[in-house]
Amino acid sequence: MGETSIPLPFGDFPDDVQLCVLSFLLPADLAAFSCTCKRFVSLYRHDQRLWFSMCHRRWGSKTLINRWGSGKISYKILYRILHEYDSLIGFWRRCGDAASAASSSSPLVFFEWGPFYITCSRISPSRDGGYEVIKKPFLWMSVASNGEPVNYLDPDGKFALTEEDLMGESGLAENELIQVNVSFIGECHAVVEENLGFSGFGRDSSSGNSRGEDYENVYGSPPDKLMTEIYQYFANRTSPSGNGSRRQKRKGKDKQGRMRKWEPEHFVKIVNCSPKPARPLQGLWKGICENMSLDFYLVSYDDVGGIVCRKVGDSNRALTYHTPIFWTSNLTFIESPFSPEEDHIYNCRLHLRPPVEADQSLLLSSDCRDISVSHMLYINSSYDLVIPDLVETTANPRQMKGRIWQYENGTFGFGFLRDSYIIDLKHIAVDGHLLDTV
């Protein structure tokens, strides 16, 4: 008869094995586990090795854990802060009309991990005729050794901050930059505002926090919900409190208004900014448009089986955020080979591309032998959405139709029957890293 093996209790495993196993848990699961034993309660509350392992497991490949807070901060506190920061990573777009000078800049911003901080950059198309994008850092977020957030904003994008600057040791940050707060209203809406005496990073108590695990299922706030969140935010920030008179409060606000260097900016997260196998066209793209300038495009899938594409461009173009470039309610792709008529529609069009050489004036190139089309999709122009009466009277319905050609390399191009060109789209970012930055 074989010997019966006796299971080894978890507490008998070596400490390094226990820490490795526990580092896979979320804080809520770890708290529940700690209730099983007094030793694990102490481990959960005070063991720096455990919380360092948890921080390193989740963010060690993205940032330097032991440099946050100059290495003096509790790793349990650091985990909570990095968990908050993690929801910022990715693309956001500015919403509303900011009264600051930044309102004339690009509405697209990008949060990413740094060695011991989070940085946010404004992303805009370059105007040199190529696919390069301009990345201009303007916001840095870190944490001091006492666990307090340290957030600095550079309106002009002139400085490259060092660790001493963020920790306030050089004096540059306080003299040349603006200390700001970053607050969440809900999960996909954030506000950057000047710090006039509040904590550096927080979550508005009225926002109704939802679990981070549910975050990836959020597609963004509809307009009515977004406006309600904004209203609740400002209502709570300006609500009367204490015993001071209304006149005193008004004087205090006037004083703060004179001291303010930065008007609050609101940002909404672009949740689905990358393609997925089930949604290959989804995300942020860049392409050379008909005037030979680089533009950004956002392709979104809806919940009823359709897609829509809009430009994400300069805020001084009024219709940029409202007018769809193309849309379709039929996501049935047609596989290659195509009919002779469809081959002719594709082959007779020129691909809009950057100049081949800097000193050449060539604008259109039909040399597309490096592009192989695998699928095709029928689309519609935005005119029958924006001006439906025009379609029924003067416009030729054929001119409203178009095609998407999906290429084997994962990118795609689109064009309309009324035009003689194809706009080829490329990725702005891959795996969380911006491409072609200058």
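Structural data are supplied above this passage.
Source: prediction; values computed, not measured.

Quick look at the overall build of the chain
- In terms of regular secondary structure, the chain is built from 12 helices and 22 strands.
- Expressed as a percentage of the 438 residues in the chain, the buried residues total 44%.
- Counted over contacts in the chain with a minimum sequence separation of 6, partners at least 24 positions apart contribute 56%.
- Accessible area for the chain stands at about 23,600 Å²; split by element, carbon and sulfur atoms hold 52% of it.

Overview of the packing of helix α1 (residues 15-22) against helix α4 (residues 48-59)
- Their axes nearest at 9 Å, the elements α1 and α4 cross at an angle of 45°. By the angle between their axes, α1 is oblique relative to α4. Crossing of α1 over α4 shows right-handed handedness. Between α1 and α4, the residues in contact are D15, L19, C20 and L22 and R49, L50, S53, M54 and R57, respectively.
- Each residue belonging to the contact of α1 with α4 can be placed in one class, and the counts come to five nonpolar, one polar and three charged.

Quick word on the nonpolar core
- Of all hydrophobic cores here, the largest spans 40 residues; its most connected members are Y85, F111 and L139.
- At six residues, helix α5 (residues 75-86) tops the list of elements feeding residues into this core.
- Excluding residues that lie within four positions of it along the chain, F111 makes contacts with L88, I89, G90, W92, I118, T119, C120, L139 and M141.

Topic: the packing of aromatic side chains
- This model, assessed by the stated rule, comprises 18 aromatic pairs.
- Each ring, one from F116 and one from Y117, has its centre 4.8 Å from the other, and the planes form 90°; the classification is edge-to-face. The burial state of F116 is the same as that of Y117; both residues are buried.
- Ring geometry for Y297 versus F414: centroids 5.9 Å apart, planes at 75°, classification edge-to-face.

Reading the values: the criteria
- Residues numbered from 1 in each chain as written.
- Predicted model: local features only at pLDDT ≥ 70, side-chain atom pairs only at ≥ 80, totals over all residues.
- Heavy atoms only, no water.
- Helix = DSSP H or I, 4+ residues; strand = E, 2+ residues; numbered from the N terminus.
- Buried < 20%, exposed > 50% of the residue type's maximum accessible area, 1.4 Å probe, protein only.
- Contact = heavy atoms within 4.5 Å.
- Areas by Shrake-Rupley, 256 points an atom, 1.4 Å probe, with all protein chains shown as cover.
- Axes fitted to C-alpha atoms, helices over the stretch in contact; angles between N-to-C directions.
- Parallel < 35°, antiparallel > 145°, perpendicular 65-115°, else oblique.
- Left-handed = near helix turned anticlockwise from the far one by under 90°.
- Nonpolar A, V, L, I, M, F, W, Y, C, P; charged D, E, K, R; others polar.
- Core = buried A, V, L, I, M, F, W, Y, C linked by side-chain atoms within 4.5 Å.
- Phe/Tyr/Trp six-rings, centres within 6.5 Å; stacked < 30°, edge-to-face > 60°.

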